[in-house]
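Structural characterization, general
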Amino acid sequence: MSIQSLIIDCDPGVDDAVALFLAFAAPELELLAVTTVGGNVPGAKTQRNARIIRQIAGREDVPVFGGAERPLKRPPAGAGEFHGVEGLGDLEPFEPTGIVGDGPAANAIVDLVMSRPEGSVAIAVLGPMTNLALAMRRERRLAERLGPVAVMGGARSEGGNVTASAEFNIWADPDAAAVVFGSGCQVVAFGLDATHQVRATEARIVAIESIDSEAARAAASTLRFSQRVEREIVGWDAAPLHDPCPIAWLIKPDLFETKPCRIEVETGSDLTRGHTAVEFRIDPATARHRWAVAADAQGVFDLIVAKLKAQALKAQALKAQALKAQALEAGA
């Protein structure tokens, strides 16, 4: 089994929470850090939420770094209507015990990438790209040192979910997205064209609910919240599962079909702010970007279930071993 070193940059967010639970449960991923950014909810809440998810998953070994609280040039945006006021849907927030890493997220990204072999560290960006853009401004060599950058963001054939052509993460900080896409690093983008294919149907939520672990119950709770909001606000029966897609691709790339392309972001027009212009008419040999065009939705959910179930069984086995050791010690 090959292991991918990974930094997750996110703005939890209910679908970010599912993505984090998947990543925390995947032995294929060496999680170097989770960095947070203001997006779905303000930065203080996304940082707290990442630490809550980390604690529920039992992964206090992974450092969390707080990052940018506002976009590079724009006022802060928000999507609380789709994530709840606190960002975690129906989950009751609490003050997590795990600490926040020293220094801002952009510095952590630079330090982690530059201290490792070239091309060995991937980044999954699940929110606005502000932290990565700031890191690239701080260290000009960062783009050439990075491994794949798996992004949840953008829209093409599906249209946007904020405006007619813009998806939230890109719209929230189009200037940062333009920096990242224009940096020369290898970007694989999972826009609404792909993520709208990955729907949390009733049967798929039930499959996660059947797993006996706190992480699975929390993940299922966020999916139930998304299901209810999707029905009330959008009118669709099953909510799309956006942010787990880049994580699923890093674990099992054959779940997605991607095409080489060039992606540019509109930053000048208020009317088309955050529009992602995806151009397939290029030489594939020179392409630095790829666009996800198809997803195996059932495969993505099967992966989530498999990883959460394996994590739960491992935890149960460790608990049983500990109880057995205590019993032997007490009887000695």
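Quick look at the structure, then. These figures come from a predicted structure and were not determined experimentally. (Residues numbered from 1 in each chain as written. Predicted model: local features only at pLDDT ≥ 70, side-chain atom pairs only at ≥ 80, totals over all residues. Heavy atoms only, no water.)

1. Overview of the nonpolar core
- I8, F21, I208, I247 and L308 are the most contacted members of the largest nonpolar core, which totals 65 residues.
- Excluding residues within four positions of it along the chain, I8 makes contact with L20, A23, L31, A33, V34, T35, A124, L126 and I247.
- With 32 residues, the next largest nonpolar core counts L132, A133, C261 and I263 among its residues. (Core = buried A, V, L, I, M, F, W, Y, C linked by side-chain atoms within 4.5 Å. Buried < 20%, exposed > 50% of the residue type's maximum accessible area, 1.4 Å probe, protein only. Contact = heavy atoms within 4.5 Å.)

2. Observations regarding the layout of surface pockets
- There is about 540 Å³ of room inside the largest pocket.
- As for the largest pocket, its lining consists of 30 residues, of which F82, H83, N161, E230 and H242 are closest to the centre.
- Elements with a minimum of two residues in the lining of the largest pocket: α1 (14-24), α3 (80-83), α7 (168-172), α11 (214-234) and β8 (239-240).
- At five residues, α11 tops the list of elements feeding residues into the lining of the largest pocket. (1 Å grid on protein atoms, 1.4 Å probe; cavity = no way out; pocket = protein on both sides within 12 Å on 5 of 7 lines; lining within 4 Å. Points joined across faces, edges and corners; volume = space filled by probe spheres on them. Helix = DSSP H or I, 4+ residues; strand = E, 2+ residues; numbered from the N terminus.)

3. Section: the pairing of strand β6 (residues 187-190)
- Here β6 shows two buried faces, one formed by V187 and A189 and the other by V188 and F190.
- Direction of pairing for strand β5 (residues 149-152) relative to β6: parallel, over a ladder of four bridges. Counterpart to V151 in the pairing with β6 is A189.
- One ladder, built from three bridges, connects β6 with strand β11 (residues 289-295); its direction is parallel. Across the sheet, the residue bridging to V188 is R290, located in β11. (Pairing = 2+ DSSP bridges.)

4. Details of the environment of L134
- Here L134 shows up in helix α5 (residues 130-138).
- Between the C-alpha atom of L134 and that of V278, which follows or precedes it by 144 residues, the distance is 24 Å.
- Excluding residues that lie within four positions of it along the chain, L134 makes contacts with A68, L72 and A106.

5. Remarks on the pairing of β11
- Sheet topology note: the strand β9 (residues 256-265)/β11 ladder contains six bridges and is antiparallel. If you follow E257 over to β11, its bridge partner there is A294.

6. Points about the environment of R54
- In this structure, R54 sits in helix α2 (residues 43-57).
- Judged by its relative accessible area of 3%, R54 is buried.
- The sequence separation of R54 and S115 amounts to 61 residues, and the corresponding C-alpha distance is 24 Å.
- If we ignore the near neighbours within four places in the chain, the residues touching R54 are F24, R59, E60, V62, P63, V64, G98 and I99.

7. Section: the sheet that holds β11
- Across the sheet, nine strands lie side by side as β3-β2-β1-β4-β5-β6-β11-β9-β10; this open sheet has mixed pairing. Each edge of the open sheet carries a strand with a single partner, namely β3 (64-66) and β10 (276-279). Shown here is a sheet whose adjacent strand axes are inclined to one another by a mean of 30 degrees, direction ignored.
- Direction of pairing for strand β4 (residues 121-125) relative to β5: parallel, over a ladder of three bridges. (Axes fitted to C-alpha atoms, helices over the stretch in contact; angles between N-to-C directions.)

8. A word on the side chain of E139
- As for its position among the elements, E139 is in the loop between α5 and α6 (142-145).
- On the basis of relative accessible area, E139 is assigned to the buried category, the value being 15%.
- For E139, the side chain forms a polar contact with the side chain of R141, separated by 2.9 Å.
- Sequence-distant contacts of E139, defined by excluding residues within four places in its chain, comprise V110 and M114. (Polar contact = N/O pair within 3.5 Å; in protein donor to acceptor, adjacent residues only side chain to side chain.)

9. Here's the deal with the packing of aromatic side chains
- In total, this model carries two aromatic pairs according to the counting rule given.
- Plain terms: the ring middles of F190 and W249 are 5.8 Å apart, the flat faces sit at 55 degrees to each other, and that makes the pair tilted. Taken together, the positions of F190 in strand β6 and W249 in helix α12 (residues 244-251) put the pair 59 residues apart, joining distant regions of the chain. Accessibility assignment for this pair places F190 and W249 in one class, buried. (Phe/Tyr/Trp six-rings, centres within 6.5 Å; stacked < 30°, edge-to-face > 60°.)

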